[in-house]
Amino acid sequence: TQLLEQSPQFLSIQEGENLTVYCNSSSVFSSLQWYRQEPGEGPVLLVTVVTGGEVKKLKRLTFQFGDARKDSSLHITAAQPGDTGLYLCAGAVKTSYDKVIFGPGTSLSVIP
Amino acid sequence: EAGVTQFPSHSVIEKGQTVTLRCDPISGHDNLYWYRRVMGKEIKFLLHFVKESKQDESGMPNNRFLAERTGGTYSTLKVQPAELEDSGVYFCASSQLPGGITDTQYFGPGTRLTVL
């Protein structure tokens, strides 16, 4: 059974601070996604990383896929209150198509 | 373009009753997925439709759950009879191309089901 772990589970920081959240597994994934979910809404895709070691940037967000494709990190620079939300990582498991396995999420609160 | 919609947004029922959740995917999306998040746990895959056919239903918890997608448009997920452990948020997602993660899945807002 493939499992994804995320840390920290909860994070509360001041506006302007930097932070990193982690997504780890003992399994290898063909690719990995990061989502952000806000209360009362469904997850919204932020990025997909496919190649081991890949780094993608989305404004103040930097995503990295581990070399062994078992882990990933999300780094936010100069966090803003609008970054508040639940950050979910999801790994793709190869079946006849790419089945998605979600991690439990990191709840981020950015205080103005 | 309208996103994925789900109805109802909330449902409170008693144990033993039946509930039907509905999902309307983005128009033109052949792939439709159901997921569930129970309290304190991660979002878990339930099943995947390609048009009206079930591609993968390995995540369905038991035979109290029945999903349909007649005509390949909207989908329903019926729980009959509901049990306490069925409480949670049920998400629907749709995508245009086959394959889960290399194509963007668009999620609906979810239906929060509470079984008393």
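About the criteria used
- Residues numbered from 1 in each chain as written.
- Chains lettered and ligands numbered in written order.
- Predicted model: local features only at pLDDT ≥ 70, side-chain atom pairs only at ≥ 80, totals over all residues.
- Heavy atoms only, no water.
- Contact = heavy atoms within 4.5 Å.
- Buried area = accessible area lost by both parts, 1.4 Å probe.
- Salt bridge = Lys/Arg side-chain N within 4 Å of Asp/Glu carboxyl O.
- Polar contact = N/O pair within 3.5 Å; in protein donor to acceptor, adjacent residues only side chain to side chain.
- Helix = DSSP H or I, 4+ residues; strand = E, 2+ residues; numbered from the N terminus.
- Nonpolar A, V, L, I, M, F, W, Y, C, P; charged D, E, K, R; others polar.
- Disulfide = S-S within 2.5 Å.
- Buried < 20%, exposed > 50% of the residue type's maximum accessible area, 1.4 Å probe, protein only.
- Pairing = 2+ DSSP bridges.
- Axes fitted to C-alpha atoms, helices over the stretch in contact; angles between N-to-C directions.

> Give me the interface of chain B and chain A: which residues, what numbers.
Many structure descriptions define interface size as the accessible area lost when the parts assemble. Counting residues at the interface gives 20 residues for chain B and 24 residues for chain A. With both chains or domains summed, chain B and chain A bury close to 1700 Å², and 59% of this area falls on carbon and sulfur atoms. Inspection of the region where chain B meets chain A yields zero salt bridges. Where chain B touches chain A, the interface holds two residue pairs in polar contact (both at pLDDT 80 or more). Looking at the side of chain B that touches chain A, the element that brings in the most residues is strand β4 (residues 31-37) of chain B, giving three residues. Grouping the amino acids of the side of chain B that touches chain A by side-chain chemistry returns eight nonpolar, nine polar and three charged.

> Break down the state of the cysteines for me, with residues and values.
Enumeration over the complete set of coordinates arrives at two disulfides over all chains. In this model, A:Cys23 is linked to A:Cys89 through a disulfide, with the two sulfur atoms separated by 2.0 Å. Here the S-S torsion is close to 75°, and the disulfide linking A:Cys23 with A:Cys89 is therefore right-handed. Taken together, the residues span a long stretch of sequence, with A:Cys23 in strand β3 (residues 19-24) and A:Cys89 in strand β9 (residues 85-94) at a distance of 66 residues. The exposure classification of A:Cys23 matches that of A:Cys89, with both residues buried. Bridging B:Cys23 to B:Cys92, the disulfide has an S-S length of 1.8 Å. Residues B:Cys23 and B:Cys92 are joined through a disulfide that is left-handed, its torsion about the S-S bond being -60°. Taken together, the residues B:Cys23 in strand β3 (residues 19-24) and B:Cys92 in strand β9 (residues 88-95) connect sequence positions 69 residues apart.

> Explain the pattern of salt bridges to me, using residue names and the numbers behind them.
Residues and elements named next belong to chain B. By the definition in use, this model includes eight salt bridges over all chains. For Lys15, the salt bridge is made with Glu83, and the minimal N-O distance between the two is 4.0 Å. Highlighted residues: Lys15 in the loop between β2 (10-13) and β3 and Glu83 in the loop between β8 (75-79) and β9, separated in sequence by 68 residues. Using a relative accessible area of 21% as the deciding quantity, one classes Glu83 as partly exposed. Connected through salt bridges with shared partners, the residues Arg36, Arg64 and Asp86 form a single ionic network.

> Pulling in residues and values, what's your account of the sheet that holds strand β1 (residues 5-7) of chain A?
Residues and elements named next belong to chain A. Across the sheet, five strands lie side by side as β1-β3-β8-β7-β6; this open sheet has antiparallel pairing. Taken across any chain shown, the strands that pair with only one partner, and hence form the sheet edges, are β1 and β6 (55-58). The average undirected angle you get between the axes of adjacent strands in this sheet is 15°. Where β1 and β3 come together, three bridges link them in antiparallel fashion. Counted as the bridge partner of Gln6 is Cys23 from β3.

> I'd like a rundown of the sheet that holds strand β1 (residues 5-7) of chain B, residues and numbers included.
Residues and elements named next belong to chain B. Taken in spatial order, the four strands of this open sheet run β1-β3-β8-β7, and their pairing is antiparallel. Both outer strands of the open sheet, β1 and β7 (65-68), are each paired with one neighbouring strand and no more. Going across the sheet, the axis of each strand differs from the next one's by a mean of 15°, ignoring polarity. Bridge count for β1 against β3 is three bridges, and the pairing is antiparallel. Its bridge partner being in β3, Thr5 is matched across the sheet by Asp24.

Scope: geometric values only; no functional claims are made or implied.
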